[in-house]
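Single-letter residue listing:
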Amino acid sequence: MSEASKAEEKPGWRTVFAALKHRKTVYMAIFGFAAGLPYALLLGTLYAWLSDAEVDLETMGVFSLIGLAYAFKFLWSPALDRLDVPVLRKLGKRKQWIVTAQLLLGAILVILSMLNPVSSLGWFSLLAGIGAFASATQDVVIDAWRVDVADEVATIDILSTVYQMGYRIAALVGGALALFLAERTDWPTVYLTMGAVMLVVGFFGLFAPDADVVDMTETERADEHGLRKAGQLDPRVRGWALGAVAVLWGWALITVGVFMVRSLGSDPDTRPDSVQFISTMGPMVVVATVVIPALIAAWLVKMERSGSHLLTADRPAESAGGRLLDHGYRALILPLTDFVGRLGWALIIILGLVLTYRITDSIWGSFAYPFYLGELQYTKDEVAVASKFFGVGALMIGLAAGGYMLTTLGRMFTLTLGAILAAATNLLYADLARGGAVVQAVSDGSGFTWLVANLGGDERLAKLMMAIAGENIAVGIAGAAFVAYLSSIVARGYSAVQYALLSSLTLLVGTLGRGALGQMIEEQGYFQIFILTTLMGGVAVILCIVEWIRISRLGAKAGIDKTALKGV
């Protein structure tokens, strides 16, 4: 390697190492762990406990509905931007909610450890539901915290990668390690231990840095959003827009809330059909909370730019109702008008990218174990070794590689490469579904089969591990790039609402498509499905390229910071 090449390489490594030692980066790893642990315990490991307790499958299926809290977390995200926790506000705008959620989650896990899931099923399900709500709330605020505290050293790209690493480590702790402990102790001990861990994390969260808050004068407090100044939209127009969006979001929140309460608390014979709800009401909720409000936001932006319905002079709020209108508009409408105003028609490209980028791994993830155990006839121990332990290691390698590429090669290059790899690695599973001849040849030729055999495995296990390694490395690179990309297109002032909206939409297509995918597997087999998911991933690749071209042409005018242009 030439001296010039070495000189070019060193700044990239120095940047990464400096960022990893940064205080914000350390807390980002802790917060990533805190976000991943309750998700693993409430939506994964909990079912192993319920199985051991001989809870029926129908009831366990109902428990899975607490995952709706994560899919629709954007519905209450505006409140997290504007409301304060009594007494804890002095901790910081974001930290007050992060610490509250972490301490609440720790307490819930401890209380769950004291309950019998059979004799106290009502309380058990209620606490699990509250825990999922608190966990989803924590996710919203941690995502906003990451955007707010990013700086020149602890960049969005580095913080996003470290967050993913912390999250994945938590998945291992809350999954494989929890199962290991349960085998040697019991489930109450496991959840008591994990609850104590969350309480410790909450304590350390008290000392985390937070976004700077600028003190306002009395005049500024009277119109802290600048909505009453000359040139701003007339309050009556804003009132109509806020009323319409508030009704739509209120309907969605009540609809989802009532469904969850009926599902968790009703008699089994009267429980609503969850598949029907997700397939019919899911799209309606998205239309009501995203599509129509986005159109209203576009109408407001058009009026502002055309100069219609604007104030000709300052008009301070004269009542509590007027101030309430301003706060509501700031929380619910401005995040949308900011998106539309900054991005314009490019928002369609971005939404398409958000909806399709993770589809290749999210849509078939629910069928992974049936594929491993049923179709390929691997044992549970083999799947645990290949997926939970070796697979997580491969995922961490992918995240590390993605983080380094973000810093040295650029965000859009890494995002596009991640989309290509995520789509292409579905072909590894397509090969396994046909016998795995290609994967076996690669494993043998690389010496991987020999290594696995010397560690106690066989060539058949090596073949599965090779496929999982390829996919997880690709998912790690794509995951690091995607979180960094989402973080880069949200505005700091509206990060909680905007990021929650985008991350929730990421889950949408995969969630809605699993029912149809299951039917297709029954009719066509796994090979055709993996070819299909590869082609679906190609859509995300095309959208990444289109977005890359857009950013390179428009630069900062596109509403994305200049670091996204590195590597273009």
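Residues numbered from 1 in each chain as written. Predicted model: local features only at pLDDT ≥ 70, side-chain atom pairs only at ≥ 80, totals over all residues. Heavy atoms only, no water.

Chemist: Can you explain the overall build of the protein? Please cite residues and give values.
Modeler: Broken down by element type, the protein carries 25 helices and zero strands. By residue count, 52% of the 568 residues in the protein fall in the buried class. Looking at the protein as shown, the accessible area adds up to about 25,000 Å², and 66% of this sits on carbon and sulfur atoms. (Helix = DSSP H or I, 4+ residues; strand = E, 2+ residues; numbered from the N terminus. Buried < 20%, exposed > 50% of the residue type's maximum accessible area, 1.4 Å probe, protein only. Areas by Shrake-Rupley, 256 points an atom, 1.4 Å probe, with all protein chains shown as cover.)

Chemist: Can you lay out the environment of V247 for me, pointing to particular residues and giving the numbers?
Modeler: The residue V247 is located in helix α11 (residues 235-265) in this model. Given a relative accessible area of 59%, V247 falls into the exposed group. With 41 residues separating them in the primary sequence, V247 and A288 have C-alpha atoms 9.2 Å apart.

Chemist: So what about the side chain of T360? Which residues, and what values?
Modeler: Following the sequence through the fold, T360 ends up in helix α16 (residues 359-362). For T360, the residues in contact, after removing those within four places along its chain, are A422, A423, N426, T533 and G537. (Contact = heavy atoms within 4.5 Å.)

Chemist: I'd like a rundown of the packing of helix α2 (residues 23-52) against helix α7 (residues 121-149), residues and numbers included.
Modeler: Following both chains from N to C, one finds α2 and α7 inclined at 155°, their axes separated by 10 Å at the closest point. With respect to α7, the element α2 is oriented roughly antiparallel. Relative to α7, the crossing made by α2 is left-handed. Seen from α2, the contacting residues are K24, Y27, M28, F31, A34, A35, P38, Y39, L42, L46, W49 and L50; seen from α7, they are F124, A128, G131, A132, S135, Q138, D139, I142, W145, R146 and V149. Residue composition of the contact of α2 with α7, grouped by class: 17 nonpolar, three polar and three charged. (Axes fitted to C-alpha atoms, helices over the stretch in contact; angles between N-to-C directions. Parallel < 35°, antiparallel > 145°, perpendicular 65-115°, else oblique. Left-handed = near helix turned anticlockwise from the far one by under 90°. Nonpolar A, V, L, I, M, F, W, Y, C, P; charged D, E, K, R; others polar.)

Chemist: With reference to specific residues and values, describe the nonpolar core.
Modeler: With 128 residues, the main nonpolar core has L300, Y357 and L415 as its most contacted residues. Apart from the residues within four sequence positions on either side, L415 is in contact with L353, Y357, A481, F482, Y485 and C544. (Core = buried A, V, L, I, M, F, W, Y, C linked by side-chain atoms within 4.5 Å.)

Chemist: Before we move on, can you summarise the packing of aromatic side chains with the specific residues and values?
Modeler: Per the stated rule, a full pass over the model turns up 23 aromatic pairs. For the ring pair W76 and F133, a centre distance of 4.5 Å and an interplane angle of 35° mean the geometry is tilted. In this pair, W76 sits in the loop between α4 (68-71) and α5 (77-82) while F133 sits in helix α7, placing the two residues 57 residues apart along the sequence. We classify W76 as buried; its relative accessible area is 13%. By relative accessible area, F133 is classed as partly exposed at 42%. Put simply, the rings of F371, Y372, Y429, Y526 and F530 touch in pairs and so form one group of aromatic residues. For R146, the ring lying beneath its charged end belongs to Y163, and the centroid distance is 4.9 Å. The positively charged end of R434 is found above the aromatic ring belonging to F527, 3.8 Å away from the centroid. (Phe/Tyr/Trp six-rings, centres within 6.5 Å; stacked < 30°, edge-to-face > 60°. Lys NZ or Arg CZ within 6 Å of the ring centre and 35° of its normal.)

Chemist: How would you sum up the pattern of salt bridges? Please name residues and give values.
Modeler: Summed over all chains, the structure comprises 11 salt bridges. A salt bridge links D234 to R236, with the shortest nitrogen-to-oxygen separation between them at 3.2 Å. Taking relative accessible area as the criterion, D234 reaches 8% and is therefore assigned buried. One continuous salt-bridge network, built from bridges that share partners, spans R228, R238 and D326. (Salt bridge = Lys/Arg side-chain N within 4 Å of Asp/Glu carboxyl O.)

Chemist: Report on the packing of helix α8 (residues 156-184) against helix α23 (residues 459-489), specifying residues and quantitative values.
Modeler: Contact geometry of α8 with α23 gives a least axis separation of 8 Å together with a crossing angle of 130°. Of the possible angle classes, the one that applies to α8 and α23 is oblique. Crossing angle aside, the handedness with which α8 passes α23 is right-handed. On the side of α8, the interface is formed by I156, D157, S160, T161 and Q164, while α23 contributes G479, A480, V483, A484, S487 and S488.

Chemist: Explain α7 to me, using residue names and the numbers behind them.
Modeler: The end-to-end C-alpha distance of α7, which contains 29 residues, comes to 41 Å, matching closely the 42 Å that a straight helix rising 1.5 Å per residue would cover. Where burial is concerned, most of α7 is hidden: 23 out of the 29 residues are buried. (Expected span 1.5 Å × (residues − 1).)

Chemist: So, the side chain of R228: which residues are in play, and what are the values?
Modeler: The topology assignment puts R228 in the loop between α10 (218-222) and α11. Looking at R228, the relative accessible area reads 7%, which means it is buried. There is a polar contact of 3.1 Å between the side chain of R228 and the side chain of D326. (Polar contact = N/O pair within 3.5 Å; in protein donor to acceptor, adjacent residues only side chain to side chain.)

Chemist: How would you sum up a nonpolar patch on the surface? Please name residues and give values.
Modeler: On the surface, V200, F203, F204, L206 and F207 cluster together into a nonpolar patch covering about 460 Å² of accessible area. Within the fold, V200 resides in helix α9 (residues 187-205). (Patch = residues over 30% accessible without salt bridge, like charges linked within 9 Å, V, L, I, M, F, W, Y side chains within 5 Å.)

Chemist: Give a detailed account of unusual backbone geometry, specifying residues and quantitative values.
Modeler: In this model, H309 sits at a positive phi of 55°, which is unusual for a non-glycine residue. Structurally, H309 can be placed in the loop between α12 (274-306) and α13 (320-332). Here Q377, not a glycine, exhibits a phi torsion of approximately 65°, which is positive. When you line up the elements, Q377 lands in the loop between α17 (368-375) and α18 (380-408).

Chemist: Explain the environment of A422 to me, using residue names and the numbers behind them.
Modeler: In this fold, A422 is placed in helix α19 (residues 411-424). Residues A422 and Y357 lie 65 residues apart in sequence; the distance between their C-alpha atoms is 8.9 Å. Not counting the four nearest positions on each side in its chain, A422 is found in contact with T360 and A474.

Chemist: Tell me what's going on with α23, and back it up with residues and numbers.
Modeler: Between its first and last C-alpha atoms α23 spans 45 Å; for 31 residues at 1.5 Å apiece the expected length is 45 Å, and the two agree. The buried fraction of α23 amounts to 27 of the 31 residues, a majority that puts the element mostly inside the structure. For α23, the side-chain oxygen to backbone nitrogen distance between the N-cap and R460 is 3.2 Å, and the N-cap itself is D458.

Chemist: If you had to explain the environment of A170 to someone new, which residues and values would you point to?
Modeler: Mapped onto the fold, A170 is located in helix α8. What A170 contacts, discounting residues up to four positions off in sequence, is F33, G36, L37 and A40.

Chemist: Describe in detail the confidence of the model for the protein, supporting the description with residues and values.
Modeler: Regions with low pLDDT carry predicted coordinates that are not meant to be interpreted in detail. Of all residues in the protein, 84% have pLDDT values of 70 or greater, and the mean over the chain is 81. Between the elements of the protein, mean pLDDT differs from a low of 45, seen in α10, to a high of 94, seen in helix α6 (residues 95-112). Every residue in residues 1-11 is under pLDDT 50, and counting partners more than four places away or in other chains gives three contacts. Across residues 214-222 the pLDDT falls below 50, and counting only partners more than four positions away or on other chains, this stretch makes three contacts in the model. (pLDDT = per-residue confidence, 0-100.)

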